[in-house]
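Summary of the model geometry
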Number of protein chains: 2
Amino acid sequence: MLSPSASTFAAAEPALGPPRFELLTLGDELLLGLTANSHLTFIGTELGRRGVQLAHHATLSDGADDIAGQLRASWARGTVVILTGGLGPTCDDRTREAVAATLGEALVHDPAIERAIAERFARFGRPMTPNNRQQAMKFLRGEVLPNPHGTAPGLWLARDGRVLVLLPGPPNELRPMFADHVVPRLVRLGLLAEGEAYVQLRTAGIGESALETKLAPLFVPHGNALCVAYCAHEGFVDVRLSSPDGRLAFAQLEALAAMCAGLLGEDFLCHGRDSLAKICADLLRTRDKRLAVAEAATGGLLASAFSDLCGAHKFFAGGVVCCSNDAKVALLEVPECLLLQHGAVSEECAVAMATAAAERLGADYALAVTGSASPTGSVSPQSGSGDKADGGEENPLGAIYLALHTPHGAWAKKVCWPGARSTVKMRAVNAALDWLRRELLRT
Amino acid sequence: MLSPSASTFAAAEPALGPPRFELLTLGDELLLGLTANSHLTFIGTELGRRGVQLAHHATLSDGADDIAGQLRASWARGTVVILTGGLGPTCDDRTREAVAATLGEALVHDPAIERAIAERFARFGRPMTPNNRQQAMKFLRGEVLPNPHGTAPGLWLARDGRVLVLLPGPPNELRPMFADHVVPRLVRLGLLAEGEAYVQLRTAGIGESALETKLAPLFVPHGNALCVAYCAHEGFVDVRLSSPDGRLAFAQLEALAAMCAGLLGEDFLCHGRDSLAKICADLLRTRDKRLAVAEAATGGLLASAFSDLCGAHKFFAGGVVCCSNDAKVALLEVPECLLLQHGAVSEECAVAMATAAAERLGADYALAVTGSASPTGSVSPQSGSGDKADGGEENPLGAIYLALHTPHGAWAKKVCWPGARSTVKMRAVNAALDWLRRELLRT
């Protein structure tokens, strides 16, 4: 059933043309870089897969003037305006009031919201301080979006053929609220489709420019009916195919993506956005094999990539994180004489780690990563302390050895990337996974 | 030495008042949520600590019209306008051309840039495709910011008392370029200070609203000379003190922060932005103690938090990731009868894991995390597959057991949070670290 305000919307809709979505993320902490702005990623993805690309995104200060200025502009040109943040209990949470003042909406106290907040505090055994009450205000003509994961509910206002959505800042509150209460309302109003709107393929082992050069001939016949976009990540590149004016049907885009995949061979990872870990997990699962990992340079990230996946125990036997030589000996029984002769940052040590991890954990395959993820040129706050990351060995900065243990042998290789520690760690994780993937494809 | 264009800037500067910084991040992949927008976090932080809060941030489509419209607005009101992305070799990289057309600047081919790009391809043994040449264009009247980590250099243009900076999109290229070439130029022009501009303290174990209620009396005497902002993260809350109009000196802000710290007692983590892992590492280091970890639910994230720190081998003995019962037995010799009687998601198993990790790795302290990080309400793409994350045990969704092993005993406790898997994992990591921190403070 449409609410009265949604009917107002439906009545005004035909005059508006294609809906325009704008996202305004609020918070001085975003502009000061104190919190990563994950809302754009999340909301952009959820809208994008349903055929809407955000037309504009702005990050604003908590100040009421900034909110008023940008909201006025976005409200004038947008169909759906989504604001995030500034709904909490503290003095810098002014979104509700600023929006009400700008749009001339009345705010009223809602006893049901206050009750839900009080119950939440009681459930967690914490006292409810009086400043929490400001979260119980709602727009007189609007709807309340319940928040089972926090105190501040979301607010929904449909007026003048437009929709305004206010969402709380914490991602664990915003995300389920968006999925459970905002998307269904937008679909119901015909502002969002439910089907997928573009085709994406993921590649590895080929750079962005070489990839474009290789694929371009496939795209020529479609001229400007086809929109192609490339996006490089740490160790893989995505290609996105869409037809903005709809001249190419979805099935044609899919057929084109299948041709790309054929042309790319082993450099093709998947259609969609599966992680390398997910792809390896699927390959292991279908072969009924299990993987173990032993990490120094990546320090737990490789294991974490697998344990993020459901049912991990079926294909992931476990891992050890052994940054010091002592740990390599204690957990993996890497021979001390090997560490003395070759050092921990060596092909020999990498192979010993992989093989030991496989044996100890009863796994068919094992990946090992040893070395230093802290080259010169790093801008991480930890750089420059003079410590070595990997047991104090001397080794060219940034050199990492990967090893792959399989039922038919074990190999090591050296890799080396510039960049910050976190970048190098991510690249090492993805390079190891891609090696495993190619090996599994051949068996 | 100031370049000719920088002199132009200096001549026009006095008329401008306080400098206004705007950041425009370009890319359909950002609006579609395909890539996290880390540039706002990085550039916001770097500017914020030097006394500048970004006045505005917008994320734009790759389309030339969008770039022109927003750039015209930002250029009209801003002193420094920073654009990121769209400088690469592919057909959707149109920033250079769009900016030149909008501002009426001429683009010229720079043989030195092309040489550097060609050398980079040669060094990596990859063929240089012709589309790379568009990256060798620069503004006739501008400067080139070298890019040792990628192909596209940055571009710097100072004109009409304003600065325009174009930076490449990949974070590992943008970050060192910003630190090494943009910040020094802005400091030289007097647009950025070098000193810190606000005081931040970090807290744990107290919610945002209770924190404000507790600290508010300290702030009352300063009225609106003091600006206080709160920012909740997954397991800790930051408080930021600043004096926007400079009525409070930096030393007064520091004194106020010290009073907050005193009032908060053990709930005070640190001044600044150290991670809980860094704080624990420092406490371990000064006590000459080492930590081991054993993880199921957090699957490597706890180990990764430590191995991110330099010199980790001095205080971090290593870790094991054991999502399955088999791995708990193989790596930690957790007794099978214990697993049968109590299950893997139990206080008993958590304590056994922590103690075994400490013994096996010769550590003084150990943290263990066992349980499921996948409650209902999760919106992670992996949810709903019907698999259990932790060895297939039946257990209330989202229940996690933490254990802490110390030289004088071992304890376990149950924790439980709603939210997506990644949120719950992060909260579990931080809860475990905060427990260790409080224990170390008492010894």
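Per chain, the residues get numbers from 1 upward, laid out in the order the sequence is written. Whichever chain is written first is A, and whichever ligand is written first is 1; the rest continue in order. Whole-chain, interface and lining totals are the exception, using all residues; otherwise, since this is a predicted model, local features are given only for residues with pLDDT of at least 70 and side-chain atom pairs are given and counted only at 80 or more. Where side-chain values are given, they derive from all heavy atoms of the structure, hydrogens and water being excluded.

The next subject is the relation of the copies chain A and chain B. For the pair chain A and chain B, the superposition axis carries a translation of 0.0 Å, the fit reaches an RMSD of 0.0 Å, and the rotation angle comes to 180°. The two molecules are tied by a two-fold rotation axis, judged by turn and shift. Residue by residue, 100% of the interface of chain A is reproduced at the interface of chain B, so both copies engage with the same surface. Residues reaching a pLDDT of at least 70 in both copies supply the C-alpha atoms on which the copies are superposed by least squares. By the convention used here, residues are in contact when the closest approach between their heavy atoms is within 4.5 Å.

Quick look at the sheet that holds strand S10 (residues 227-232) of chain A now. By definition, the strands of a sheet pair up through backbone hydrogen bonds, in either a parallel or an antiparallel sense. All names here are of chain A. The strand order across the open sheet formed by four strands is S10-S11-S9-S12, and the pairing between neighbours is antiparallel. Because the sheet does not close on itself, it has two edges, and the strands there are S10 and strand S12 (268-271). Taking the axes of each pair of neighbouring strands and ignoring which way they run, one obtains an average angle of 20° across the sheet. Strand contacts of helix H8 (residues 208-219): strand S9 (199-203), S10 and strand S11 (237-242), with the helix running at about 160° to S10, the strand carrying the most contacts. Between the N-to-C directions of two axes lies an angle of 0 to 180 degrees, each axis being a line fitted to C-alpha atoms and, for a helix, fitted only over the stretch in contact. In this text, helices come from DSSP runs of H or I with a minimum length of four residues, and strands from runs of E with a minimum of two, each type numbered from the N-terminal end. Relative to the sheet, helix H9 (residues 250-264) contacts S9, S11 and S12, its axis offset from that of S9 by approximately 10°. One bridge is not enough; two strands pair if DSSP finds at least two bridges between them.

Let's shift gears to the interface of chain A and chain B. Contact with chain A, which involves 100 residues of that partner, is made by 101 residues of chain B. Between chain A and chain B, the buried area comes to about 8,100 Å², and carbon and sulfur atoms account for 54% of it. Sorting the residues of chain A by area buried against chain B places Leu32(A), Leu34(A) and Cys310(A) first, and these three jointly supply 8% of that buried surface. For this analysis, a salt bridge means a side-chain nitrogen from Lys or Arg found within 4 Å of a carboxyl oxygen belonging to Asp or Glu. The tally of links between chain A and chain B comes to zero salt bridges. For this analysis, a polar contact is any N or O atom pair within 3.5 Å, provided that within protein one partner can donate a hydrogen and the other can accept it, and provided that sequence-adjacent residues contribute only side-chain to side-chain pairs. Applying the counting criterion to the chain A and chain B interface returns 18 residue pairs in polar contact (both at pLDDT 80 or more). Each residue is assigned to one class: nonpolar for Ala, Val, Leu, Ile, Met, Phe, Trp, Tyr, Cys and Pro, charged for Asp, Glu, Lys and Arg, and polar for all the others, Gly among them. Here the side of chain A that touches chain B is built from residues that sort into 38 nonpolar, 41 polar and 21 charged. As defined by bridge partners, strand S2 (residues 56-60) of chain A adjoins strand S2 (residues 56-60) of chain B across three bridges and the pair is classed as antiparallel. Within S2(B), the position partnered with His57(A) by the bridge is Thr59(B). Here the quantity called buried area is the total loss of accessible area, with a 1.4 Å probe, experienced by two parts when brought into contact, counted for both.

What follows concerns the environment of Ala294(B). Residues and elements named next belong to chain B. Checked against the element boundaries, Ala 294 lands in strand S13 (residues 291-295). On a C-alpha basis, the gap between Ala 294 and Pro 176 in space is 35 Å, while along the polypeptide they are 118 residues apart. Excluding residues that lie within four positions of it along the chain, Ala 294 makes contacts with Val 320, Leu 332, Met 353, Ala 357, Leu 367, Ala 368 and Val 369.

It helps to recall that an α-helix has 3.6 residues per turn; residues three or four apart then point in one direction. Given a rise of 1.5 Å per residue, 15 residues ought to cover 21 Å, and the 21 Å separating the end C-alpha atoms of helix H14 (residues 347-361) of chain B matches this to within 8%. At the exit of H14(B) stands Gly362(B), carrying a positive phi of roughly 60°. Given the number of residues in a helix, its expected span is that number minus one, multiplied by 1.5 Å.

Regular strands show a simple pattern: their side chains alternate between the two faces of the sheet. Residues and elements named next belong to chain B. Three exposure classes are used, based on accessible area relative to the maximum for each residue type with a 1.4 Å probe and protein chains only: buried under 20%, partly exposed in between, and exposed over 50%. Across the five residues that make up S2, a large majority, five, are buried. Here S2 shows two buried faces, one formed by His 56, Ala 58 and Leu 60 and the other by His 57 and Thr 59. Here strand S1 (residues 21-26) pairs with S2 via five bridges, running parallel. Of the residues in S2, the one forming a bridge with Leu 23 is His 57.

Time to look at the nonpolar core. Side-chain atoms within 4.5 Å are what join buried Ala, Val, Leu, Ile, Met, Phe, Trp, Tyr and Cys residues into a set we call a nonpolar core. One finds Val320(A), Leu332(A), Met353(A), Val320(B), Leu332(B) and Met353(B) to be the most contacted residues of the largest nonpolar core, which totals 56 residues. Ignoring sequence-local partners within four residues, the contact set of Val320(B) consists of Gly319(A), Val320(A), Leu331(A), Val293(B), Ala294(B), Glu295(B), Leu331(B) and Leu332(B).

With that settled, the discussion passes to the pattern of salt bridges. Scanning all chains against the criterion turns up 34 salt bridges over all chains. Note that Arg133(A) is salt-bridged to Glu114(A), the shortest N-O span being 2.9 Å. With Arg133(A) in the loop between helix H6 (111-123) and strand S5 (137-139) and Glu114(A) in helix H6, this residue pair connects regions lying 19 residues apart in the sequence. For Arg438(B), the salt bridge is made with Glu266(B), and the minimal N-O distance between the two is 3.8 Å. Of the two residues, Arg438(B) is situated in helix H15 (residues 421-441) and Glu266(B) in the loop between helix H9 (250-264) and strand S12 (268-271); the sequence distance between them amounts to 172 residues.

The next point concerns H9(B). Residues and elements named next belong to chain B. In a regular helix each residue adds 1.5 Å, so 15 residues correspond to 21 Å; H9 covers 21 Å between its end C-alpha atoms and thus fits that length. Buried within H9 we find Leu 253, Leu 256, Ala 257, Cys 260, Ala 261 and Leu 264. The arc enclosing the buried residues of H9, seen along the axis, measures out at 145°, which places them on a common side. In H9, the exposed positions that point more than 90 degrees away from the buried face belong to Ala 251 and Gly 262. For H9, the secondary structure elements touched by its buried residues are strand S9 (199-203), helix H8 (208-219), strand S11 (237-242) and S12. Where H9 terminates, the next one or two residues include Gly 265, which has phi positive at roughly 60°. Here, the arc refers to the directions that run from the helix axis to the C-beta atoms.

On to the packing of aromatic side chains. Planes of paired rings set the category: under 30 degrees apart is stacked, over 60 is edge-to-face and the rest tilted, where pairs are Phe, Tyr or Trp rings (Trp by its six-membered ring) whose centres lie within 6.5 Å. Tallying each qualifying case throughout the model produces six aromatic pairs over all chains. When the centroid spacing of 5.4 Å and the interplanar angle of 10° are considered together, the rings of Phe306(A) and Phe316(A) count as stacked. Highlighted residues: Phe306(A) in helix H11 (residues 301-307) and Phe316(A) in strand S14 (residues 316-321), separated in sequence by ten residues. On the basis of relative accessibility, which here comes to 0%, the residue Phe306(A) falls in the buried class. An aromatic cluster is built from Phe306(A), Phe315(A) and Phe316(A), whose rings are joined through pairwise contacts. The ring of Trp75(B) carries the charged tip of Arg162(B) above its face, separated from the ring centre by 6.0 Å. Each ring is checked for a lysine NZ or an arginine CZ that lies within 6 Å of its centre and within 35 degrees of its normal; such an atom marks a charge sitting over the ring.

Residue and element names in this part refer to chain A. Viewed as axis vectors pointing N to C, helix H10 (residues 276-287) and helix H15 (residues 421-441) meet at an angle of 30°, and their least axial separation amounts to 9 Å. Judged by the angle between their axes, H10 and H15 are roughly parallel. The crossing of H10 and H15 is left-handed. Contacts between H10 and H15 pair Leu 276, Ala 277, Ile 279, Cys 280, Leu 283, Leu 284 and Arg 287 from the former with Asn 430, Leu 433, Asp 434, Leu 436, Arg 437, Leu 440 and Leu 441 from the latter. Of the residues in the contact of H10 with H15, the class split is ten nonpolar, one polar and three charged. Convention used here: angles under 35 degrees read as roughly parallel, angles over 145 as roughly antiparallel, angles from 65 to 115 as roughly perpendicular, and any remaining angle as oblique. Two helices that cross are described as forming a left-handed crossing if the nearer one is turned anticlockwise from the farther one by less than a right angle, and a right-handed crossing if clockwise.

Residues and elements named next belong to chain A. The backbone of Asp 160 sits at a positive phi, close to 55°, despite the residue not being glycine. Within the secondary structure layout, Asp 160 lies in the loop between strand S7 (154-159) and strand S8 (162-167). Judged by relative accessible area, which is 42%, Asp 160 ranks as partly exposed.

With that settled, consider the side chain of Glu439(B). Residues and elements named next belong to chain B. Along the polypeptide, Glu 439 turns up in helix H15. Just so you know, the count uses Lys and Arg for positive and Asp and Glu for negative, and it drops His and the chain ends. No salt bridge is formed by the buried Glu 439. Its closest oppositely charged neighbour is Arg 442, at 4.4 Å. Residues within four places of Glu 439 in sequence aside, it is in contact with Tyr 365, Leu 404, Thr 406 and His 408.

Before going further, it helps to examine the domain arrangement of chain A. Residues and elements named next belong to chain A. When the domains of chain A are assigned, the result is domain 1 (4-188), domain 2 (199-271) and domain 3 (276-441). Counting from both sides, the interface comprises eleven residues of domain 2 and, opposite them, ten residues of domain 3. Around 840 Å² of area is buried between domain 2 and domain 3 when both sides are counted, 51% of it from carbon and sulfur atoms. When residues of domain 2 are sorted by the area they lose upon contact with domain 3, Glu 234, Glu 266 and Leu 269 head the list and together hold 66% of the total. Across the domain 2-domain 3 interface, the total number found is five residue pairs in polar contact (both at pLDDT 80 or more). Split by residue class, the side of domain 2 that touches domain 3 holds five nonpolar, three polar and three charged. An automatic or database domain assignment is the source of the domain bounds shown.

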